[in-house]
Amino acid sequence: MDDLERRIREHAHRIWLEEGCPSGREEAHWDMARELVAIEDGQRDATRPNPVATEGEEVIHPEPVEPVEAVEGLGDLPGRTDQSEGRDYPKRKGRRPAGRS
């Protein structure tokens, strides 16, 4: 059994115990366990330092962590403005004459 399968099995068993050892939920427990392992692996990979090598060091990951296209122009949607670029106050609708409700 490899490490991945062992981790999934341990999570599935823990979920089964936490739910009171029900029968007939094996597939759901395995699915939840797979998802938990994937989340753990994703967090571990996401918290690794940016693989930028300085002179004399070897690059661990030759590709950037996130493609440049993913962050270029982030938030630049046509016709949209940031809150700071809008008006200071909301536009007033037509005023009612005094004395009328």
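Draft legend 1. The arrangement of the overall build of the protein chain in detail. When helices and strands are counted, the protein chain shows 3 helices and 0 strands. Counting from the amino terminus, helix and strand elements in the protein chain follow one another as α-α-α. Here the analysis covers contacts within the protein chain between residues at least 6 apart in sequence; of these, 30% occur between residues at least 24 apart. Total accessible area on the protein chain is roughly 9,600 Å²; 50% of this is exposed by carbon and sulfur atoms.

Draft legend 2. A look at unusual backbone geometry. If you check the backbone angles, Cys21 has positive phi at about 60 degrees while not being a glycine. Looking at the secondary structure, you find Cys21 in the loop between helix H1 (3-18) and helix H2 (26-46). On the basis of relative accessibility, which here comes to 37%, the residue Cys21 falls in the partly exposed class.

Draft legend 3. Summary view of the pattern of salt bridges. If you walk through the whole model with that rule in mind, you get 9 salt bridges. Among the ionic pairs, Arg6 bridges to Asp3, the shortest N-O distance being 2.4 Å. With Arg6 and Asp3 both in helix H1 and 3 residues apart, the pair spans about one turn of that helix. Residue Asp31 pairs with Arg34 through a salt bridge whose shortest N-O separation is 2.8 Å.

Draft legend 4. Structural view of the nonpolar core. If you look at the biggest cluster of nonpolar residues, it comprises 5 residues: Ile8, Ala12, Ile15, Ala33 and Val37. Of all the elements in the fold, those that place two or more residues in this core are H1 and H2. The dominant element in this core, judged by the number of residues it contributes, is H1, at 3 residues. Here Ala33 is in contact with Ile8, His11, Ala12 and Ile15, once residues within four sequence places are set aside.

The rules behind each value
- Residues numbered from 1 in each chain as written.
- Predicted model: local features only at pLDDT ≥ 70, side-chain atom pairs only at ≥ 80, totals over all residues.
- Heavy atoms only, no water.
- Helix = DSSP H or I, 4+ residues; strand = E, 2+ residues; numbered from the N terminus.
- Contact = heavy atoms within 4.5 Å.
- Areas by Shrake-Rupley, 256 points an atom, 1.4 Å probe, with all protein chains shown as cover.
- Buried < 20%, exposed > 50% of the residue type's maximum accessible area, 1.4 Å probe, protein only.
- Salt bridge = Lys/Arg side-chain N within 4 Å of Asp/Glu carboxyl O.
- Core = buried A, V, L, I, M, F, W, Y, C linked by side-chain atoms within 4.5 Å.

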